[in-house]
Amino acid sequence: MRASALRRLAMTLPTLLVISALIFALLELAPGDPMAQLPDSIPAEVRADMAAALGLDQSGPVRYALWLRQMLVVEPSVALDRLLGTDLAEGAPRILSWQTRAPVMSLIAQRLPQTLAVVGLAYLIGTLAAVALGVWSAARQGTALDRAGTAVAAMGYGLPPYFTAAVLIYVFAIWLGWVPTVYDTTHRVTGWDSAAVQLRQIILPVAVLSLQTTAQITRYTRAAMLEALGQNYIRTARAKGLTQRRVLLRHALRNSWVATLTVIALGAPQVFAGAIITEQIFGVNGIGQLLIQSLHVGDLPVVQTVTMLIAVLIVLANLAADLLIARIDPRPDHG
Amino acid sequence: MFARLIAAAISLCMPVPLFAADGHAGRGSDGLLRLYYWQAPSTLNPYLSGGIKDVEAASLILEPLARLDPDGRMVPWLAREIPSQDNGGIADDMRSITWRLKPGLEWSDGSAVTSQDVKFTVTYCMAPGSGCAQQAKFRDVVAVDTPDPLTAVLRFAAPKPFPYGPFVGAQTPVLQAAQFADCLGPAAAACTEANFAPIGTGPFRAVAFRPGDAARFEANPAYRVPDAPAFATVLLKGGGSAITAGRAVLETGEFDYAWNLQLGPDVLNAMAAKGRGRVVTAFSTLVERMALNLRESAPRGSSTAGPSPIPHPAMADIAVRRALSMSLDRNLMVQIGYGEAGRVSCNIVPGPPAYASRANDGCAAQDIPGAREVLTKAGWTDDNGDGVRGRNGRELRFVFQTSTNAVRQDFQLLAKEWWRQIGVATELHSIDSSVFFSADAGNRDSLQQFNAHIQMYASASDGTDPEAYLSGWSCDNIPTARNGWQGRNVGGWCDPAYDALLDRLSATSAPEDRAALARTLNDMLVQNYVVVPLVDRGRVSAHANTLEGVRMNAWDSELWNIADWRRAPR
């Protein structure tokens, strides 16, 4: 068990290296010029000089090697310096965004709280709702409630966030005027009143996003529950005279956890990746907005670093899901 | 505890309280001002970015020696007066300009502003490896003399009849030497702290700046006008889109000012109809135009890339070019494509007012019968009855290309129909804008290579003086394979008389004479139908009805007079 976990962990390193090379190569081949956004009054030779100041006059492999070194050596030592007060980095060049000239890691650190608050909360609510809805509709298979659950899931799948967001904004922000249309990222919660403001501004984006999550996870939960409910041990449990609640939660749910939890764990990294469309609509300037904005202006260091971090999280989430499932699977371990 | 919970729950259901009650006049008495810049600024140092959004955000803090007002006139800002030859500020040989600072100016940290700061700013931008975006404005400055703390003399390498490039307008403000002393050359990028919170002389100073997201400013305690600014703090919010921004000001009133509302006229009008705010526009020099190709373009797909110097048999005839222009209904084009954000332009230099010619004013009226007559008189007739006019076996069949963009495709369709009515057949091409506007010499679909007969795009003169812009139509500015397709004279027009006038312009310094020459040059281009100006495109923003003092400006930062903005008394 431990040996296999270590083996899997060792496998992730080459995977991540290949991913980083792929990301770099793709961005390198993609069209887009970081100078294209400048007003046309700035002459070509000034643009060339600005590009050179960004290090763009170096060849692709040189820049990849530099970035890899910064990612593996410089940035971790900067982080260690912060934590321990040491001086490992010694002013080595950090990964700088081309557009803002600020360290990419500090940009990510600024964006992460917004993303975690909105997307994380939405994922939590969406997951809880999905499991409850999945269990419930499986228990009452074929009834009106089951069909309503199916309808919610289909709606969540079928309606894109830019549509649900527009409808919710129109009804609750413009028509009723209860909530703001724009998320204020500089808002600080200091007391009851500011907490109310925060709650009001977070409701709509969280509602839009959790509908998506619910839709995705509830179908898996329902299917897994239905499969479990058809098993013989459920009949045995019922024959023993256990209550419906106990049968559902202790016997069926525990056995269907494996499938559901895999889906939940694999979806978790998306919390850190942010939600590009919803963040854009409400002005929640999280990681998703950072990524799309940097893509628009060809700010490759930011795009590379953010994509790479997301890739790391996805690989780790896969690993965690595998280990977790091995732990909780009630069936005997034959491997 | 419980009561507070209930109170919080109730307040959840209430609309956001709009504005705090108005107090008496004075610095900071009007509370918080909320600006929405949906393209969020990425830095507060305009020398490292050049993007309009960054220049505007920085203009709350950093100020130039002179600003441009909404009419494009220079207004002394940190300088006591505008230097001219009359007041001795410009040397007789036009090789230097002397700026005198207002006495008693202070940076927001309380230190004095001196001519050393002016000198340092030039050094900062010209330092090799800095990647300064405004180098072109400082290019000919060879030295800055500082005879006393309030006087800076900029010396030029060559005579400069228009020496107002550096330190005029929001792109080239004065930096504090003390703050940026260690940020010269390649070190400029790593000075994140200074770039995100420059010390300035403006009405506000930075409190917190999050690139690409939001910024907070507070009133500068050392600002030179005692009662200004009226607002104590400014929140500059970014993210979302032009729709989000327009909605937040015009429909819900969450924000006071929304910048750059590039929205369709129908969308913007519906928002403005809610009555919460006003849409404001301002115009500078951005003109949507058609360029006509006077040369025979090489056939598509031919491998021998290169210009054919043969004049195009139809386009070289001024009657054809004139008829194409006469048959356009520019009023309809403005109405469909731009609404309040555009106005008919008959000139390629539409402003400032002194530079705008009045000689071409009739172009707004569409005249299809007149255009037909012009063609017939010139011998272009439809002899074979296919609806397309011809002469000597050459028919009026043109290829009309532009970038992919909803408004431009509408304009293409309109023009095609109007030209059909005068007997001209048009084939429309739309090219992805990243291809059309790319400078890649291997790309045959670019604006510079112009492998079509007609093309539509927008371009503007940088600043108020059109000399550099007008020299774009000189003979040596024709893009060819030999010069790597560089140059802005895409139609290939060449007139020695025009070039001679350009030389005169570059040796003339009196403002009235320069304006008169610029108008003549504009008239030569327009009356020869080298370019067909269509729409003067403005900047569009919106502000809440409760905000007073906004004077929309397209020549400088839109926030140029933010020190005078105030809350309307209720």
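Residues numbered from 1 in each chain as written. Chains lettered and ligands numbered in written order. Predicted model: local features only at pLDDT ≥ 70, side-chain atom pairs only at ≥ 80, totals over all residues.

**A few points about the overall build of chain A**
Selection criterion: Numbered from the N terminus, helices here are DSSP runs of H or I no shorter than four residues, and strands are runs of E no shorter than two. Any two residues are considered in contact once their C-beta atoms, placed from the backbone, lie within 7 Å.
The number of helices and strands found in chain A is 13 helices and 0 strands. Reading chain A from its N terminus to its C terminus gives the helix and strand order α-α-α-α-α-α-α-α-α-α-α-α-α. Overall, the C-alpha framework of chain A stretches about 80 × 60 × 40 Å when taken along its three principal axes. In chain A, the proportion of contacts linking residues at least 24 apart, taken out of those at least 6 apart, comes to 70%.

**Side note on the overall build of chain B**
Filter applied, for reference: Residues with at least 20 neighbouring C-beta atoms inside 10 Å of their own are called buried, those with 12 or fewer are called exposed, and the rest are partly exposed, where every C-beta is derived from the backbone.
Per the secondary structure count, chain B includes 16 helices and 20 strands. C-alpha atoms of chain B, sized along the principal axes, occupy 90 × 65 × 40 Å. Looking at the 570 residues of chain B, the share that counts as buried comes to 49%. For chain B, contacts bridging at least 24 residues in sequence account for 67% of all contacts bridging at least 6.

**Some details on helix α5 (residues 144-158) of chain A**
All names here are of chain A. What counts here: In a helix, the anticipated span is given by 1.5 Å times the number of residues less one. The arc in question is the one traced by the directions running from the helix axis out to the C-beta atoms.
The terminal C-alpha atoms of α5 lie 20 Å apart, and with 15 residues this matches the ideal 21 Å at 1.5 Å per residue to within 8%. All buried positions along α5 are accounted for by Gly149, Ala153 and Gly156. Summarising the axial view, the buried residues of α5 lie within an arc of 60°, below the 170-degree limit, and thus occupy one face. Exposed residues lying more than 90 degrees from the buried face of α5 are Ala144, Ala148, Ala151, Ala154 and Gly158.

**A word on the sheet that holds strand β5 (residues 141-148) of chain B**
Residues and elements named next belong to chain B. For clarity, the cut-off: Strands are treated as partners if at least two bridges between them are detected by DSSP. Helix axes are fitted to C-alpha atoms over the stretch in contact, other axes to C-alpha atoms as well, and angles between N-to-C directions run from 0 to 180 degrees.
An order of β4-β6-β5 is seen for the 3 strands of this open sheet, with the pairing classed as antiparallel. Edge positions in the open sheet fall to β4 (96-100) and β5, since each of these has one partner strand only. Taking the axes of each pair of neighbouring strands and ignoring which way they run, one obtains an average angle of 20° across the sheet. Docked against the sheet, helix α3 (residues 115-126) engages β4, β5 and β6 (151-156), running at close to 170° with respect to β5.

**Details of the pairing of strand β15 (residues 397-403) of chain B**
Note the cut-off: The definition of a right-handed crossover adopted here requires that, viewed with the strands pointing away, the path from the first strand over the helix to the second runs clockwise.
The element β15(B) is extensively covered by neighbouring structure, given that 5 of its 7 residues are classed as buried. The β-α-β motif built from β15(B), the intervening helix α12 (residues 406-421) of chain B and the parallel element strand β16 (residues 425-431) of chain B has right-handed crossover chirality.

**Quick notes on helix α16 (residues 511-527) of chain B**
Residues and elements named next belong to chain B. Between its terminal C-alpha atoms α16 stretches 24 Å, which fits the 24 Å expected from 17 residues at 1.5 Å a residue. The set of residues buried in α16 consists of Arg514, Ala515, Leu517, Ala518, Leu521, Asn522, Leu525 and Val526. Down the axis of α16, the buried set is contained in an arc of 170°. They therefore lie on one face. At its buried positions, α16 is contacted by α14 (467-470), α15 (496-505) and β18 (531-544). At the exit of α16 stands Tyr529, carrying a positive phi of roughly 55°.

**With respect to the packing of helix α4 (residues 104-139) of chain A against helix α9 (residues 244-267) of chain A**
Residue and element names in this part refer to chain A. Operational definition: Under this scheme an angle from 65 to 115 degrees is roughly perpendicular, one under 35 degrees roughly parallel, and one over 145 degrees roughly antiparallel; angles in between are oblique. In this scheme the crossing of two helices becomes right-handed for a clockwise turn of the near helix relative to the far one and left-handed for an anticlockwise turn of less than a right angle. Throughout, the ten residues Ala, Val, Leu, Ile, Met, Phe, Trp, Tyr, Cys and Pro are labelled nonpolar, Asp, Glu, Lys and Arg are labelled charged, and all others, Gly among them, are labelled polar.
Where α4 contacts α9, the axes come no closer than 12 Å and their chain directions differ by 135°. What the angle tells us is that α4 and α9 run oblique. The chirality of how α4 crosses α9 is right-handed. Within the contact between the two elements, α4 uses Thr127, Val131, Val135 and Ala139 and α9 uses Leu248, Leu253, Thr260 and Ile264. For the contact of α4 with α9, the per-class residue count stands at 6 nonpolar, 2 polar and no charged.

**Details of the interface of chain A and chain B**
Across the contact, 43 residues belong to chain A and 45 residues belong to chain B. Secondary structure elements with two or more residues in the side of chain A that touches chain B: α2 (44-53), α4, α6 (161-175), α7 (192-229), α11 (276-282) and α12 (287-296) of chain A. In terms of residue class, the side of chain A that touches chain B is made up of 24 nonpolar, 14 polar and 5 charged.

**Considering the nonpolar core**
Our working definition: Think of a nonpolar core as buried Ala, Val, Leu, Ile, Met, Phe, Trp, Tyr and Cys residues chained together by C-beta atoms that fall within 7 Å.
Ranked by internal contacts, the top residues of the largest apolar core, which has 203 residues, are Leu35(B), Tyr36(B), Leu65(B), Val234(B), Val249(B), Ala258(B) and Leu292(B). Once residues lying within four places of it in the same chain are set aside, the contact partners of Val249(B) are Tyr36(B), Phe255(B), Asp256(B), Tyr257(B), Ala258(B), Gly277(B), Ala542(B), His543(B) and Ala544(B). Leu229(A), Val247(A), Ala252(A) and Leu253(A) belong to the second largest nonpolar core, which has 16 residues in total.

**Comments concerning the environment of Asp93(B)**
All names here are of chain B. For Asp93, the location among the structural elements is in the loop between β3 (74-76) and β4. Classification of Asp93 by C-beta neighbours within 10 Å gives exposed; the count is 9. The spacing of Asp93 and Pro161 is 68 residues in sequence and 9.1 Å in space, taken between C-alpha atoms.

**Details of the confidence of the model for chain B**
All names here are of chain B. Which entries qualify depends on this criterion: A residue's pLDDT is the predictor's confidence in that residue, given on a scale from 0 to 100.
Taken as a whole, chain B shows an average pLDDT of 87; of its residues, 93% reach a score of 70 or greater. Counted against residues more than four places away or in other chains, residues 5-24, with its pLDDT under 50, gives 21 contacts. The low-confidence segment residues 301-307, where pLDDT is below 50, has 9 contacts with residues more than four positions distant or belonging to other chains. The complex prediction reports pTM at 0.82, with the ipTM value standing at 0.80.

**Focus: the pairing of strand β17 (residues 454-459) of chain B**
All names here are of chain B. Note: strand β11 (residues 277-292) against β17, 6 bridges, orientation antiparallel. Note that in β17 the partner of Glu288 across the bridge is Ala458. In the sheet, β15 pairs with β17 via 3 bridges, with the strands oriented parallel. When the sheet's bridge partners are listed, Phe400 is paired in β17 with Ile454.

**Digging into the environment of Arg140(A)**
Checked against the element boundaries, Arg140(A) lands in the loop between α4 and α5. Not counting residues up to four positions away in its chain, the partners in contact with Arg140(A) are Leu145(A) and Asp146(A).

**What about the packing of α15(B) against α16(B)?**
Residues and elements named next belong to chain B. The contact between α15 and α16 brings their axes to 10 Å, and the two run at 160°. In terms of their interaxial angle, α15 and α16 are classed as roughly antiparallel. As for how α15 packs across α16, the hand of that crossing is left-handed. Between α15, through Tyr498, Leu501, Leu502, Arg504 and Leu505, and α16, the contact on the second element is made entirely by Arg514, Leu517, Ala518, Thr520, Leu521 and Met524. Considered class by class, the residues forming the contact of α15 with α16 number 8 nonpolar, 1 polar and 2 charged.

**Some remarks on the environment of Asp140(B)**
All names here are of chain B. One can find Asp140 in the loop between α4 (135-138) and β5. Taking C-alpha positions, Asp140 is 9.7 Å from Gly165, a pair spaced 25 residues apart along the chain. Setting aside chain neighbours within four positions, we find Asp140 in contact with Phe156, Ala157, Ala158 and Lys160.

**Describing unusual backbone geometry**
Residues and elements named next belong to chain B. The residue after Ala228, namely Pro229, is reached through a cis peptide bond having omega -5°. Among the structural elements, Pro229 can be located in the loop between β8 (214-219) and β9 (233-237). Note the cis peptide between Gly351 and Pro352, where omega equals 0°. Assignment of secondary structure puts Pro352 in the loop between β12 (342-344) and α11 (368-377). Residues other than glycine seldom take positive phi values, yet Met94 does so here, at roughly 60°. Within the secondary structure, Met94 is located in the loop between β3 and β4. The backbone of Asn392 sits at a positive phi, close to 50°, despite the residue not being glycine.

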